[in-house]
Amino acid sequence: MRVGKGCGRCRHRHIRCVIPTGASTCTPCLRLGRACHLDPRFQFKPVHHVYQKSNGATARFELDWDKEQVWVDVSQPVTFVLEANEESAGDDRSAVEQCNTPALESVGDEHGALEQYTPASEPVSNGRSGWTQDFQSENTYQAQARSPVYESRPHQDITNSPISLVSDNGSTLTLREASLIRYFIQKLAPWADVCDVNSHFSTEVPRRALENNMVLQAILALSARHDAILANDSDWEASAYHGQCLKLLIAALDKAETNCDENMLIAVVILRIYEELETTSDQQFHLLGSNRLVNLMTRSASSGGVAEAVSWQFLRQAIYASVVQHQPLQLDLQNYERSSIFHCHNDAACANRIIYHCARILQLCCDAPGHIVAQDTWRQISDSVNEWNNAKPTTWQPIRYQALSVADGRPFPVIWMISPPAVIGMQYYHSACIFLTLSESPSHSMSDYERARTRRVQEKTIADHLVMVIGLSLSNESVENAYFMASHLLHRFGYCLRNVVEQEGSLQFLSQVEKRLGWRTSWIMRELEHQWTELAAFDSSDH
């Protein structure tokens, strides 16, 4: 019998276990905040024979118990479990079996390899065109490749290895891979399919994943990261999938200017969701890459099929980033003007039209500093928003509406909608109204008081639309995509909520978003609490 060196977690991750003198936990576990189990793990292996010298010759002795052997009774059955390792690799027995006899010989340390996906053969070039550096800087990628997450996994050449071995039932996926794809279809794809009548992310994208390694790796990375977030676990698995996907994607992006395809766009948009699951350190590599791809694939937003569905999903992602980061949209919206949604009359098309109008407003609001937008332009786009609101289907009327009542502790209205696109569409309508309100610059002829009053009126108008957006989210909890815009608008305009009941309700809402969706909102809550405390101090101070 031998004792395995190192804690269980370090042995499992195949990394060096460093235990400082006098410490009760190893350095890797301390850094990750994990429980460190330093107790020795004993492993036993049943031995059926031994070799000993007898009269100068080696003889084999079978280890059979004497029939007259006296056994001692025990209060409970004792079970020994044989664990697979390199010394028992040649044994025909199962790696896990039970035996009712004590073991007489020990085995070595545990060396079981982690199960890892290995993609099919695809060439990966070392070069990269200039614009792909916006997508992922080489320094960042190399830093990821040197991180402990990557060092802890067995190295495999992703360019020359097969997808996986075919199982008995004919599947080319491991159980873990199949589970992650199923996780994507059931939990994550509906976020992107909310305004797509054909649900391409739930149907076509998984099919592409079975044919394209890059798409498959993107799905595995996103599913693994979201699963780890909800389980409050390490995302080392997701990081490994993400790194493998980047190798394939960067090589494909080298040829993007001459050979763009839908799979590249699918992968980048999925990785953008992966990127959004970060906290405040959103470096927007995949956002920049998606911008370039959508602008290069000029007909993607109007080509129909999965490319158009992915392009509209990315438009929503670009709007989220613009709202939170105060950045202009870098998309060519003319690509979207040719879309068939402007000629369709279903709920999804209606929702996408107001999303487009909202994007136009943001593009004007966040334009280059010093750029003055003509009042006629604002009037034209405001008329488009009002026209959309008046022309929306009658089925978009709430089947139940209950106004908010701060006095009764209900800071948000109850708004039950029939269809998910209607929920999203109305959220973007109120978002468009918020940004149109911001576009109303005060007249030069206004007095100081009138300017101050205009500012207060704007904040009250923004707050009224904001509580409607949150109410739509809370009233239609099955539409998980609705939580995103509400969270982003709270981050941007939560300071406009001055009532304590509204503030407490907003914090509860954000907490619910993180707990249910894994979308990081704790940092938003901290910022809002700081803003509200500071503004309350200003309002209560005596002069």
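Values in this document were obtained by computation on a predicted structure and should not be read as measured data.

Rules used in this analysis
- Residues numbered from 1 in each chain as written.
- Predicted model: local features only at pLDDT ≥ 70, side-chain atom pairs only at ≥ 80, totals over all residues.
- Heavy atoms only, no water.
- Helix = DSSP H or I, 4+ residues; strand = E, 2+ residues; numbered from the N terminus.
- Contact = heavy atoms within 4.5 Å.
- Areas by Shrake-Rupley, 256 points an atom, 1.4 Å probe, with all protein chains shown as cover.
- Patch = residues over 30% accessible without salt bridge, like charges linked within 9 Å, V, L, I, M, F, W, Y side chains within 5 Å.
- Salt bridge = Lys/Arg side-chain N within 4 Å of Asp/Glu carboxyl O.
- Buried < 20%, exposed > 50% of the residue type's maximum accessible area, 1.4 Å probe, protein only.
- UniProt positions renumbered as here; feature names shortened; annotations may be inferred.
- Phe/Tyr/Trp six-rings, centres within 6.5 Å; stacked < 30°, edge-to-face > 60°.
- Axes fitted to C-alpha atoms, helices over the stretch in contact; angles between N-to-C directions.
- Parallel < 35°, antiparallel > 145°, perpendicular 65-115°, else oblique.
- Left-handed = near helix turned anticlockwise from the far one by under 90°.
- Nonpolar A, V, L, I, M, F, W, Y, C, P; charged D, E, K, R; others polar.
- pLDDT = per-residue confidence, 0-100.
- Disulfide = S-S within 2.5 Å.
- Expected span 1.5 Å × (residues − 1).

1. So, the overall build of the protein chain
Next up, step 1: The secondary structure content of the protein chain amounts to 20 helices and 8 strands.
Next up, step 2: Within the protein chain, contacts between residues at least 6 apart in sequence are counted, and of these 71% link residues at least 24 apart.
Next up, step 3: Only carbon and sulfur atoms are counted for the fraction: they give 50% of the accessible area of the protein chain, which is about 28,200 Å².

2. Some details on a nonpolar patch on the surface
Next up, step 1: Taken together, the side chains of I399, W416 and I418 make up a nonpolar region of the molecular surface, amounting to roughly 330 Å² of accessible area.
Next up, step 2: Examined against the element boundaries, I399 turns out to sit in the loop between helix 15 (375-391) and strand 7 (400-402).
Next up, step 3: The exposure class of I399 is exposed, given its relative accessible area of 56%.

3. Some words on the UniProt feature "domain: Zn(2)-C6 fungal-type" (unreviewed entry) in the protein chain
Next up, step 1: As annotated by UniProt and renumbered to match this structure, "domain: Zn(2)-C6 fungal-type" (unreviewed entry) occupies residues 6-36.
Next up, step 2: Note that residues 6-36 is 39% helix and 0% strand, and that its end C-alpha atoms are spaced 10 Å apart.

4. With respect to the packing of aromatic side chains
Next up, step 1: Under the counting rule described, the total for this entry stands at 10 aromatic pairs.
Next up, step 2: Relative to F484, the ring of Y320 has its centre 6.5 Å away and its plane inclined at 70°; by these criteria the two rings are edge-to-face. You can see Y320 sitting in helix 12 (residues 305-325) and its partner F484 sitting in helix 18 (residues 482-493), a full 164 residues away along the chain.
Next up, step 3: Accessibility expressed as a relative area gives 4% for Y320, which makes it buried.
Next up, step 4: Residue class for F484 comes out buried when judged on its relative accessible area of 3%.
Next up, step 5: Judged by centre distance (5.6 Å) and plane angle (75°), the ring pair of W388 and W396 falls under edge-to-face.

5. Here we look at the packing of helix 8 (residues 213-230) against helix 10 (residues 262-276)
Next up, step 1: Contact pair helix 8 / helix 10: the axes reach a minimum separation of 9 Å and the direction vectors enclose 15°. Taken as axis vectors, helix 8 and helix 10 run roughly parallel relative to one another. Note that helix 8 runs across helix 10; the crossing there is left-handed. Of the residues in helix 10, those touching helix 8 at M214, V215, A218, I219, A221, L222 and R225 are N263, M264, I266, A267, I270, L271, I273 and Y274.
Next up, step 2: When its residues are assigned to classes, the contact of helix 8 with helix 10 shows 13 nonpolar, 1 polar and 1 charged.

6. Focus: the pattern of salt bridges
Next up, step 1: Inspection of the entire model under this criterion finds 13 salt bridges.
Next up, step 2: With a shortest N-O distance of 2.8 Å, E237 and R176 are connected by a salt bridge. On the criterion of sequence distance, the pair formed by E237 in helix 9 (residues 236-253) and R176 in helix 6 (residues 175-192) is long-range, its members being 61 residues apart.
Next up, step 3: A salt bridge links D235 to R225; the shortest N-O distance between them is 3.0 Å. With D235 in the loop between helix 8 and helix 9 and R225 in helix 8, this pair connects stretches of sequence that are 10 residues apart.
Next up, step 4: A residue is classified by how much of its surface remains accessible, and R225, at 7% relative accessible area, is buried.

7. As for the confidence of the model for the protein chain
Next up, step 1: Summary statistics for the protein chain give a mean pLDDT of 77 and a share of 71% for residues scoring 70 or more.
Next up, step 2: When the elements of the protein chain are averaged for pLDDT, helix 5 (residues 148-151) gives the smallest value, 36, and strand 8 (residues 414-416) the largest, 97.
Next up, step 3: Counting interchain partners and residues more than four positions distant, the pLDDT-below-50 stretch residues 82-170 has 193 contacts.

8. A few points about the side chain of S384
Next up, step 1: Along the chain, S384 falls in helix 15.
Next up, step 2: If sequence neighbours within four positions are ignored, S384 has contacts with H357 and R360.

9. Points about the state of the cysteines
Next up, step 1: For the coordinates displayed, the defined rule picks out 0 disulfides.
Next up, step 2: Distance from the sulfur of C17, which forms no disulfide, to the nearest cysteine sulfur (C10) is 3.8 Å.
Next up, step 3: Residue class for C17 comes out partly exposed when judged on its relative accessible area of 21%.
Next up, step 4: With no disulfide of its own, C433 has C358 as its nearest cysteine by sulfur position, at a separation of 9.5 Å.

10. A closer look at helix 12
Next up, step 1: The end-to-end C-alpha separation of helix 12 is 31 Å, in line with the 30 Å expected for 21 residues at 1.5 Å each.
Next up, step 2: A positive phi of about 55° marks H326, the residue just after helix 12.

11. Examining unusual backbone geometry
Peptide bonds are trans in most cases, and residues, glycine excluded, mostly fall at negative phi.
Next up, step 1: You will see that S199, though not glycine, has its phi angle at about 50°, which is positive.
Next up, step 2: Positive phi, normally seen in glycine, also occurs at N232, with a value near 55°.
Next up, step 3: Residue placement: N232 occurs in the loop between helix 8 and helix 9.

12. Examining the packing of helix 16 (residues 420-438) against helix 18
Next up, step 1: Their axes nearest at 9 Å, the elements helix 16 and helix 18 cross at an angle of 20°. The angle between helix 16 and helix 18 places the two elements in the roughly parallel class. Like other packed secondary-structure pairs, helix 16 and helix 18 cross with a definite hand, here left-handed. Across the interface between the two elements, V423, I424, Q427, Y428, S431, I434, F435 and L438 from helix 16 touch A482, M485, A486, L489, R492 and F493 from helix 18.
Next up, step 2: Looking at side-chain class alone, the contact of helix 16 with helix 18 contains 11 nonpolar, 2 polar and 1 charged residues.

13. Thoughts on helix 18
Next up, step 1: Compared with an ideal rise of 1.5 Å per residue, which puts 12 residues at 16 Å, helix 18 spans 17 Å between its outermost C-alpha atoms and is within 8% of the ideal.
Next up, step 2: In terms of burial, helix 18 is largely enclosed, as 12 of its 12 residues are buried.
Next up, step 3: Inspection of helix 18 places A482, Y483, F484, M485, A486, S487, H488, L489, L490, H491, R492 and F493 among the buried residues, and these make up the whole buried set.
Next up, step 4: The elements touched by buried residues of helix 18 are helix 6, helix 12, helix 16, helix 17 (448-475), helix 19 (500-517) and helix 20 (522-540).

14. Quick notes on the environment of E477
Next up, step 1: Relative to the helices and strands, E477 resides in the loop between helix 17 and helix 18.
Next up, step 2: Its relative accessible area of 41% is what places E477 among the partly exposed residues.
Next up, step 3: Here the alpha-carbon distance between E477 and W416, two residues 61 residues apart in the chain, equals 9.9 Å.
Next up, step 4: Dropping the residues within four chain positions of it, E477 is found in contact with Y483 and R516.

15. Thoughts on the side chain of S431
Next up, step 1: Relative to the helices and strands, S431 is located in helix 16.
Next up, step 2: Each residue touching S431, except ones within four places of it in the same chain, is listed here: C358, M485 and L489.

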